[in-house]
Structures are given as C-alpha cells and as structure tokens.
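# Report on the structure
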Amino acid sequence: MIKNNQKQKIIIRPPKISDLDSSLEMINSLVEEKAMLTVQKKSTHKEEEKYLKGIIKEKEALHLFLIIDGKVAGSAKVSKLGNGRNHIGELGISLRREYRGMGLGKNLSKTIMEKAIKKFKLKIIILNVFKKNKTAYYLYKKLGFKEVGVIKGEVKYYNKYEDVITMVKYI
Ligand SMILES: CC(C)(COP(=O)(O)OP(=O)(O)OC[C@H]1O[C@@H](n2cnc3c(N)ncnc32)[C@H](O)[C@@H]1OP(=O)(O)O)[C@@H](O)C(=O)NCCC(=O)NCCS
C-alpha cells in the first residue's frame, strides 16, 4: 500500500467484479475528456461488465488497477503478443485526471512491468503513444523506453489522423 500526503489509501491490485461501477466511471471520464487513448466511445454498464469479466480471467495479459479510497483511479495492462512473440509484452496505462502528475503513473507502470516480466518471462516491452501525448511520452522515456519509429496518421482520433510513436524497452 502507498500512502500519499493527503492520507488517501492507495493500492495496486488485480481487477475485481466489485470494481464495475468505478471502472465504468473511470473509462467514461477518460472518453469525456478526450484523453488521447484509442477508445473514443463511452461504455454501457453491460459492456463494462463483459470487459471486466474478460480481463479477470484473461491468461495472456496482466491487468492491474490503481485503487484510491476504494475506487478505480487508474488501470494498466501488459499483454503478451503471442505466437513467435511470446517474449514481448505491450504496455498500456491510464489514470483518472485528478490523480495525474503525482508520480502514480510511474509507480503503476513500474509495478506492472516488474510483475509481467516475471510472470511471462518477457525480454522486450513495447508500446504505442500519440505523438502529441507529451506527458506519456516523457514518462515512458523516464522508464527507459526508446522511440523506434512513427507512423504518421496511424489513428483516426475525433476526425483527425494522429501520428503514433512506437517505443521499446529491452529488459
Ligand atoms: C500518461 C499518464 C499515465 C502519466 O501518469 P502520471 O501519474 O500523470 O505521470 P507521473 O506523475 O508518474 O509522471 C511521470 C514522469 O514524467 C515526467 N513528465 C511528465 N510530463 C512531462 C513533460 N511534459 N516533460 C518532461 N517530463 C514530463 C514527470 O516529471 C515524471 O517524471 P519524474 O517522476 O522523474 O519527475 C497519465 O497522465 C494519464 O493517464 N494520461 C491520460 C491517459 C494516457 O495518456 N495514457 C497513456 C496512453 S499511451
């Protein structure tokens, strides 16, 4: 457990079905603020329930939630790529707006990477980030990721084609 100076109870743990309401709230708040993630459509209660049930039993990816005062404040996953790329994991992370800029993103990323490396015996971690997402880009650089390329206009994001950077970290 991490304690911050506001005496909030902060835990990093796998998702549970009881997280449904606050995980739905979190994903929809990210969509609402246009948080530079590929998801652009709000989820319904039913869709989130299906998603949550799916990630709880998923074997080829590790999911962790950042829980603050009992509610989902952040989410991270490392998915194993599979086939001849079982030694490669892909990292994704997001935090609710009010919990950014306090080091929690860095903490959650480090935690999930350490666990995923052990669990899946990873040798490489990759990720994709919108070129204009400077906070995420600098966080990944601080975590030791190196930029390996850009696909211009890779993702259509609210009617604009955004450039996407691929980054890699060798373990
Ligand atoms: C990206 C995200 C996960 C980062 O988490 P965070 O908690 O805000 O980031 P942290 O506070 O841990 O900061 C990470 C580091 O990046 C650095 N950083 C952030 N913005 C920076 C900038 N513009 N220039 C230089 N460094 C920067 C911080 O200084 C910090 O480094 P330090 O701890 O050595 O000082 C979070 O902002 C988020 O969820 N954003 C919306 C969703 C998203 O973009 N997800 C990523 C999709 S690829």
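Right above here is the structure, for reference.
Residues numbered from 1 in each chain as written. Predicted model: local features only at pLDDT ≥ 70, side-chain atom pairs only at ≥ 80, totals over all residues. Heavy atoms only, no water.

## Considerations on the site of the ligand
As a reminder of what qualifies: The cutoff for a nearby residue is simple: one of its non-hydrogen atoms must lie within 4 Å of the molecule or strand. In protein, a polar contact means a hydrogen-donor-capable atom and an acceptor-capable atom, both N or O and within 3.5 Å, with residues adjacent in sequence counting only if both atoms are side-chain atoms; elsewhere, any N or O pair within 3.5 Å suffices. With residues, only the protein chains shown are counted as cover, and all accessible areas are computed by Shrake-Rupley using a 1.4 Å probe. In DSSP terms, a helix is any run of H or I states spanning at least four residues, a strand is any run of E spanning at least two, and both are numbered starting from the N terminus. Residue polarity is assigned by list, with Asp, Glu, Lys and Arg as charged and Ala, Val, Leu, Ile, Met, Phe, Trp, Tyr, Cys and Pro as nonpolar; anything else, Gly included, falls into the polar class.
Taken together, 21 residues lie near the ligand, and Ile93, Leu95, Gly103, Gly105 and Asn133 sit nearest. With respect to the ligand, the backbone of Ile93 contributes an N or O atom lying 2.9 Å from a nitrogen atom. Arg100 places a side-chain nitrogen or oxygen 3.5 Å from a nitrogen atom of the ligand. Computed on the free molecule, the ligand has an accessible area of 960 Å², of which 75% lies beneath the protein chains in the complex. Where the shell around the ligand is concerned, the elements lending two or more residues are strand E5 (85-95), helix H3 (104-120), strand E6 (124-130) and helix H4 (134-142). Broken down by element, the shell around the ligand gets its largest block of residues, 6 residues, from H4. Here the residues of the shell around the ligand are counted per class, giving 11 nonpolar, 7 polar and 3 charged.

## Remarks on the packing of aromatic side chains
Heads up, the rule is: Note on aromatic pairs: the rings of Phe, Tyr and Trp (six-membered ring only in Trp) are paired at centre separations within 6.5 Å, and the planes decide the class, stacked below 30 degrees, edge-to-face beyond 60, tilted for the rest. Each residue's exposure class comes from its accessible area (1.4 Å probe, protein chains only) as a fraction of the maximum for that residue type: buried when under 20%, exposed when over 50%, partly exposed otherwise.
For the coordinates displayed, the defined rule picks out 4 aromatic pairs. Judged by centre distance (5.1 Å) and plane angle (80°), the rings of Phe130 and Tyr157 are edge-to-face. Here Tyr157 lies in strand E7 (residues 146-157) and Phe130 lies in strand E6, a separation of 27 residues in the sequence. Taken as a pair, Phe130 and Tyr157 share a single burial class, namely buried. Centroid distance Tyr157 to Tyr158: 4.7 Å. Interplanar angle 75°. Geometry classified as edge-to-face. Its relative accessible area of 5% is what places Tyr157 among the buried residues.

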